[in-house]
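Remarks on the overall topology
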Amino acid sequence: MTRDITVGQFLPGHSLLHRLDPRTKIVLTFVFIIQVFISRSALSLCFLIFVLGFLITCSHVPARKVFRAVRPMIPVIVFTALINIFYVDGDPVFHYSFIRITDKGLFVGFTLLVRLTALIAGCSLITYTTSLNALAAGLEQLLAPLKRFHFPVNELSMTLSITLRFLPTIAEEFDRIIDAQKARGADFSNGNLIKKIHAYFPIILPLFMSSFRRAFELTNAIECRCYQGGNGRTKMNVLRLSRLDVQAIVFFCAAFGLSIAFNLFFPSFF
Amino acid sequence: MAIIELRTISFRYGAGTPFEKQALQNISLSVDRGDFIGIIGHTGSGKSTLIRHFNGLLRPDSGQVLVNNEDIWKNPRQIRSVRFQIGLVFQYPETQIFEDTVAQDIAYGPKNMGLDQETINQRVLEALHFVGLDDSYLDRNPFRMSGGEMRRVAIAGVMAMKPAVLVLDEPTAGLDPEGRRNLLKHLEQYRRKTNTAIIMVSHSMEDIAEHVQRVLVLDKGKTAFEGSVPSVFAHADELMQLGLDVPQMTKVLLGLKAKGYSVDTSAVTMDQAEHELLRLFERKDHE
């Protein structure tokens, strides 16, 4: 009850993207990532931005939020773009001792900036529009065929869903212990790095203790219910593909094809 | 003079998100030295949110929290010093213990205050005695102690800061009746000896009736009732509607009254009720 706990960044809603089957969203996210990587020409990049804009509109997630997800990655993106500006060969537009900037370098650097931003913004959409439980269920279904190869899909999904289930609990516990130690005068903001790390011992140790205790209790509870593996277990909420999913898949395939076409027929000037 | 005063504080969780929730609305409370105040309310009524405002763990959206007549948020950088004056003991405080020995864990608060070692040692001993543990506990490992003992060590850890107000969130939750009585007895003695004000959140109406002078009843973040124990428990029907209860004894007396006996239903503890019932029987004998 300390504060509202949102693990991940799921924003509940009923937009087109929210209503898609999580399996569709996982697969299409991969399609989108590939599309980002193959968009190399100026025209296909413009098209990519258009697709991203369309997806954001469909998701009803405020654009501000989507780009907030990009913010922590800005240093990495800028660094990657800068490196490329300096290291790609072409006609120099600027030359001073060992620094050489080429026209092609500038273009590659700029496209990287756009592509990486689009990549992260696009991937953030799935986490904004899909609850963690839905994601876990979708992943389990997608991995189900691996059961033939004796891959422990059920155990994996059980572990995954327990982890997801307890993340909010542990986050709550974390908040509670922080508050409790703050009430005893704990200070996390002053002092040097060593002191700051030291200040977190009184939080981390109790957190570990209670996590272990909870794990033991859970193990007992699971054993008392004679749980074993997943053979023959059914789901309460069965995932079903709808017409919307088919439409989304068609849309993404078309967008993917267009990107390839733009690359082939309107290649870049460089 | 009030030692801590809440002036019409309101608080919302997650302002500006879809999860926004009004947690507190216009709560006022004034606490003097040596007061024993109870806070009751249904789960989710805002009790835990409220007590986090006493020592500045949460900042109210509107309204003021005054400690010694000064707004604690006047200088947010100094908020830590407020936490030494208003001691806060959370629910299941034994889960916050982290040191190897009882003495070290109790010393955590005083150490954060920047006291010298001698004063710390003295305060640790004092606090240990307040919760009814003897010197032999000092070097024991708290993780090998019983839940009740750990709870007392955790409470001692807050008492060692010598706060002017001690706030406890359900200090007796999960204790057996013996541990419960014991803890409350020691809290009462501590209050008398040090004149510290105690604010206690509890679900046990008996504990409230037995120990507390004034009660604040919360419902959906608002003050439902506030006043002396008998005056609050006089609203038995309304309290039941809020999902709360009244002490067993109050129920007995209310039942008698409903059957037409003239009893004073303001008796809330066993002793008072006994007195009241004896009076009733005596009167019967005379008739």
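The rules behind the values
Residues numbered from 1 in each chain as written. Chains lettered and ligands numbered in written order. Predicted model: local features only at pLDDT ≥ 70, side-chain atom pairs only at ≥ 80, totals over all residues. Helix = DSSP H or I, 4+ residues; strand = E, 2+ residues; numbered from the N terminus. Rg over C-alpha atoms; globule rule 2.2 N^0.38 Å. Contact = placed C-beta atoms within 7 Å. Buried ≥ 20, exposed ≤ 12 C-beta atoms within 10 Å, placed from the backbone. Domains from an automatic or database assignment. Nonpolar A, V, L, I, M, F, W, Y, C, P; charged D, E, K, R; others polar. Core = buried A, V, L, I, M, F, W, Y, C linked by C-beta atoms within 7 Å. Axes fitted to C-alpha atoms, helices over the stretch in contact; angles between N-to-C directions. Left-handed = near helix turned anticlockwise from the far one by under 90°. Pairing = 2+ DSSP bridges. pLDDT = per-residue confidence, 0-100. Right-handed = clockwise from strand over helix to strand, strands pointing away.

A count of helical and extended segments in chain A gives eleven helices and two strands. Whereas a compact globule of 270 residues would reach a radius of gyration of roughly 18 Å, chain A reaches 24 Å, over 25% beyond that. The principal-axis extent of the C-alpha atoms belonging to chain A is close to 70 × 55 × 35 Å. Considering only contacts in chain A between residues 6 or more positions apart, those separated by 24 or more positions represent 78%.

A few words on the overall build of chain B. When its secondary structure is counted, chain B shows eleven helices and ten strands. Relative to a compact globule of 287 residues, whose C-alpha radius of gyration would be 19 Å, chain B shows 21 Å and is just as compact. Taking the principal axes of its C-alpha atoms as reference, chain B extends roughly 70 × 50 × 35 Å. Burial analysis of chain B (287 residues in total) assigns 43% to the buried set. For chain B, the proportion of contacts with a sequence separation of at least 24, taken over those separated by at least 6, is 65%.

All names here are of chain B. Entries for chain B in the domain assignment read domain 1 (33–59 + 75–229) and domain 2 (247–287). A separation of 35 Å is found between the C-alpha centroids of domain 1 and domain 2. Opposite the five residues of domain 1 that make contact, domain 2 presents four residues. Of all the elements, helix H7 (residues 205–211) adds the most residues to the side of domain 1 that touches domain 2, at four residues. Of the residues in the side of domain 1 that touches domain 2, the class split is three nonpolar, no polar and two charged.

Looking now at the nonpolar core. One finds Ile106(B), Ala156(B) and Val167(B) to be the most contacted residues of the largest nonpolar core, which totals 87 residues. At seven residues, helix H5 (residues 147–159) of chain B tops the list of elements feeding residues into this core. If near-sequence neighbours (up to four positions away) are discounted, Val167(B) is found in contact with Ile51(B), Phe54(B), Ile86(B), Gly87(B), Leu88(B), Val89(B) and Ile199(B). The next biggest cluster of nonpolar side chains, apart from the first, holds 23 residues, and it includes Leu17(A), Val36(A), Tyr128(A) and Phe262(A).

All names here are of chain A. In contact at an axis separation of 8 Å, helix H4 (residues 63–70) and helix H6 (residues 103–129) are set at 115° when each is read in the N-to-C sense. When you trace H4 past H6, the crossing you get is right-handed. Across the interface between the two elements, Lys65, Val66, Phe67, Ala69 and Val70 from H4 touch Thr117, Ile120, Ala121, Ser124, Leu125 and Tyr128 from H6. Counted by class, the contact of H4 with H6 contains eight nonpolar, two polar and one charged residues.

Moving on, we get to the interface of chain B and chain A. Each side of the interface is counted separately: chain B has 26 residues, and chain A has 22 residues. Elements with a contribution of two residues or more to the side of chain B that touches chain A: helix H1 (47–54), helix H2 (79–85), helix H3 (102–113) and H5 of chain B. Ranked by the residues each element gives to the side of chain B that touches chain A, the list is headed by H3(B), at four residues. Its residues placed into classes, the side of chain B that touches chain A shows 14 nonpolar, nine polar and three charged.

We now examine the sheet that holds strand S5 (residues 70–71) of chain B. Residues and elements named next belong to chain B. Pairing within the open sheet is antiparallel, and its four strands lie in the order S2-S1-S4-S5. The sheet is open, and its two borders are formed by strand S2 (21–31) and S5, each paired with just one other strand. The sheet contact formed by strand S1 (residues 4–13) and strand S4 (residues 62–67) spans five bridges and is antiparallel. For Glu5, the partnering residue across the bridge sits in S4 and is Leu66.

All names here are of chain A. By the assigned domains, chain A splits into domain 1 (16–140 + 239–265) and domain 2 (150–224). At the junction of the two partners, domain 1 supplies four residues and domain 2 supplies five residues. Looking at the side of domain 1 that touches domain 2 residue by residue, the classes come out as two nonpolar, one polar and one charged.

Residues and elements named next belong to chain A. Mapped onto the fold, Ser161 is located in helix H8 (residues 153–183). Judged by local crowding, Ser161 falls into the partly exposed class, with 15 C-beta atoms found within 10 Å. When the C-alpha atoms of Ser161 and Leu132 are compared, they prove to be 8.7 Å apart, with 29 residues separating the residues in sequence.

Residues and elements named next belong to chain B. Across the sheet, which stays open at both edges, the six strands sit in the order S6-S7-S8-S3-S9-S10 with mixed pairing between neighbours. Edge positions in the sheet fall to strand S6 (86–89) and strand S10 (222–228), since each of these pairs with one other strand and no more. Between one strand axis and the next, the sheet turns through 15° on average, direction left out of account. For strand S7 (residues 165–169) and strand S8 (residues 197–201), the ladder comprises five bridges, and the chain directions are parallel.

Averaged over all residues, the pLDDT of chain B is 91; the fraction at 70 or higher stands at 98%. This prediction of the complex comes with two scores: 0.73 for pTM and 0.87 for ipTM.

For the rest of this paragraph, the subject is the pairing of S7(B). Residue and element names in this part refer to chain B. Counting buried positions over the five residues of S7 gives five, a clear majority of the element. Of the two faces of S7, the one carrying Val165, Val167 and Asp169 and the one carrying Leu166 and Leu168 are both buried. With four bridges connecting them, S6 and S7 associate as parallel partners. Residue pairing across strands places Leu88 opposite Val167, the latter belonging to S7. The parallel pair S7 and S8 is bridged by helix H6 (residues 177–194), and the resulting crossover is right-handed.

So, about unusual backbone geometry. Non-glycine residue His150(A) carries a positive phi angle of around 60°. As for its placement among the helices and strands, His150(A) is situated in the loop between helix H7 (132–143) and H8. Here the phi dihedral of Asn68(B) falls at roughly 50°; this positive angle occurs in a residue that is not glycine. Note that Asn68(B) resides in the loop between S4 and S5.

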